[in-house]
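Fold and contact review
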Amino acid sequence: MPIGKIREKVLFGIGKARGSIHRYTWWRWIIGCAFTIGVALLPILDILRFDLWSGRHMWMGEQVDIVAAAKAFAFPFLAVNILIVVVSRFFGRYLCGYMCPYGSLARLAEWFRWREGTGKSRLLRFSSMIGVSLLLTAITFSFWVDWRVFVEGSALAVNLSSAFLILGTAVLAWAIDRLGLTFCHDWCPSGIYFAILGPKTSNGVEFAHPDACIECDVCDKACPIDLLPREMEFDDEAHERPASGLYPDGMTNHGLCIRCGDCVVACEAMTAPYDTPVPLRMGFLPPEDERVRPGLESAPTTSSD
Ligand code: SF4
Ligand code: SF4
């Protein structure tokens, strides 16, 4: 069974059994929606738009020429990128796990697929995927073309604009539905950038209580990008991974982790019946020499030991 299918069953099955939405899921939707709305408002409020159709470039509510718009935008663009570099360097790929609109939509697609597996409508899934993909394509479109093109534009301008919206929606819906979150592991250029920036961070998933692990392996199955959550803290050669998609050889679980917390959600659910601490946790990590190496220090005794 492909990783996505196992993961859907594991996570949404767990979610249903819990009967409540996990705090990580709440945070993801609150941050993801706030970020998407914030970005969408920039061209709507004429804060920023490069209008390739009529040349009505906007910056902070004023119409300017394209050079002035580019110059004005350069500083905030640089500032945001420096912030991203700093956040990624010290905290890892939290941006991928909590802020990326693509990631949020890929999770929505997983949820629809899981519902479909439980007998819910395929039409609902299809129309929802098209709807949200059209919304994201429309937000992108707003940055580059004034919507008045559909009223005042020539036939060519209207056709080109329509083609962009239709093609963009189709490609995005296909990617979200078919590639899902594996895109974040193998193909996302921003993800590579963040992963390379933050190989050794003080933050991430910790296998804090190996002695409480029941070795169910559900954390591995829940990981959307096929990592090994119990080996997250170690960033040495022994934990390097082979090249995959656009990602080069030698990246570690820790560097690639998008800090989504799905493994922790799964682990909390699997160990809930036992009176033990939760083996996995996410947050600040202890100093490297104080971390517990599974199988070496306090890992549980197995039959092969
Ligand atoms: S290891 Fe855990 S937190 Fe990291 S990507 Fe996988 S499931 Fe998400
Ligand atoms: S989900 Fe938790 S208990 Fe199960 S294997 Fe992973 S760390 Fe161990």
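Going by the structure above, here's the rest.
Residues numbered from 1 in each chain as written. Chains lettered and ligands numbered in written order. Predicted model: local features only at pLDDT ≥ 70, side-chain atom pairs only at ≥ 80, totals over all residues.

**Topic: the overall build of the protein**
For the protein, the count of helices and strands is 13 helices and seven strands. Here the protein holds 305 residues, and the buried ones make up 31% of them. Taking the intrachain contacts of the protein between residues at least 6 apart in sequence as the baseline, contacts between residues at least 24 apart amount to 73%. (Helix = DSSP H or I, 4+ residues; strand = E, 2+ residues; numbered from the N terminus. Buried ≥ 20, exposed ≤ 12 C-beta atoms within 10 Å, placed from the backbone. Contact = placed C-beta atoms within 7 Å.)

**Looking at the packing of helix H2 (residues 23–44) against helix H6 (residues 122–144)**
For the pair H2 and H6, interaxial distance at closest approach is 8 Å and the crossing angle is 35°. Taken as a pair, H2 and H6 cross one another with a handedness that is left-handed. Here H2 contributes Val 39, Ala 40, Pro 43 and Ile 44 to the contact with H6, which in turn contributes Ile 139, Ser 142 and Phe 143. Residue classes in the contact of H2 with H6 are distributed as six nonpolar, one polar and no charged. (Axes fitted to C-alpha atoms, helices over the stretch in contact; angles between N-to-C directions. Left-handed = near helix turned anticlockwise from the far one by under 90°. Nonpolar A, V, L, I, M, F, W, Y, C, P; charged D, E, K, R; others polar.)

**A word on the nonpolar core**
Nonpolar side chains tend to gather and get buried jointly when the protein is soluble and globular. Within the largest apolar cluster, 47 residues are counted, with the highest numbers of intra-cluster contacts made by Cys 219, Ala 222, Cys 263 and Ala 266. Per-element accounting of this core gives the leading share, seven residues, to helix H13 (residues 262–271). Setting aside anything within four residues of it in sequence, one finds Cys 263 in contact with Val 205, Cys 219, Ala 222, Cys 223, Pro 229 and Leu 280. (Core = buried A, V, L, I, M, F, W, Y, C linked by C-beta atoms within 7 Å.)

**So, helix H10 (residues 189–197)**
Within the sequence span of H10, burial applies to Gly 191, Phe 194 and Ala 195. Angular distribution of buried residues about the axis of H10 spans 100°; they occupy a single face of the element. Structurally, H10 contributes buried residues whose contacts are with helix H3 (66–91), helix H4 (94–98), helix H9 (182–186), strand S6 (251–252) and helix H12 (253–256). (Arc of directions from axis to C-beta.)

**A short note on the site of ligand 2**
The immediate surroundings of ligand 2 are formed by 14 residues, with Cys 213, Cys 216, Cys 219, Cys 267 and Pro 279 found nearest. Counting only elements with at least two residues in the shell around ligand 2, the list comes to helix H11 (218–222) and H13. Element by element, the count of residues in the shell around ligand 2 is highest for H13, at four residues. Across the shell around ligand 2, the residue classes tally to 10 nonpolar, one polar and three charged. (Near = placed C-beta within 6 Å.)

**Considerations on the site of ligand 1**
Surrounding ligand 1, one finds 14 residues, the nearest of these being Cys 223, Cys 257, Cys 260, Asp 262 and Cys 263. Across the shell around ligand 1, the residue classes break down as 11 nonpolar, one polar and two charged.

**What about unusual backbone geometry?**
Even without a glycine there, the phi angle at Met 60 is positive, about 50°. Positionally, Met 60 belongs in the loop between strand S2 (57–59) and strand S3 (62–64). Judged by the 11 C-beta atoms lying within 10 Å of it, Met 60 is exposed. Positive phi values are uncommon outside glycine, yet Asp 217 reaches one of about 65°. If you trace the backbone, Asp 217 turns up in the loop between strand S4 (203–207) and H11. The class of Asp 217 is partly exposed, set by 13 C-beta atoms lying within 10 Å.

**Describing the packing of H6 against helix H8 (residues 155–179)**
Packing of H6 against H8 leaves a shortest axis separation of 8 Å and a crossing angle of 130°. The orientation of H6 with respect to H8, classified from their angle, is oblique. Note that H6 runs across H8; the crossing there is right-handed. Within the contact between the two elements, H6 uses Met 129, Ile 130, Ser 133, Leu 134, Leu 136, Thr 137, Ala 138, Thr 140 and Phe 141 and H8 uses Phe 164, Leu 165, Gly 168, Thr 169, Leu 172, Ala 173, Ile 176 and Asp 177. By residue class, the composition of the contact of H6 with H8 is 11 nonpolar, five polar and one charged. (Parallel < 35°, antiparallel > 145°, perpendicular 65-115°, else oblique.)

**What to know about H3**
The end-to-end C-alpha distance of H3, which contains 26 residues, comes to 36 Å, matching closely the 38 Å that a straight helix rising 1.5 Å per residue would cover. Along its length, H3 shows its largest kink, about 30°, at Ala 74, and proline Pro 76 lies within four residues downstream of that point. The element H3 is largely exposed, with a buried count of two among its 26 residues. Count one or two residues on from H3 and you reach Gly 92, which has phi positive near 85°. (Expected span 1.5 Å × (residues − 1). Bend = angle between axes of the 7 residues up to and from the residue.)

**Focus on the sheet that holds strand S1 (residues 48–49)**
In spatial order, the strands read S1-S2-S3; together these three strands make up an open sheet with antiparallel pairing. Both outer strands of the open sheet, S1 and S3, are each paired with one neighbouring strand and no more. Across two bridges, the pairing between S1 and S2 is antiparallel. Bridging across to S2, Arg 49 finds its partner in Met 58. On top of the sheet, H3 reaches S1, S2 and S3; it is set at about 35° to S2, its chief contact. (Pairing = 2+ DSSP bridges.)

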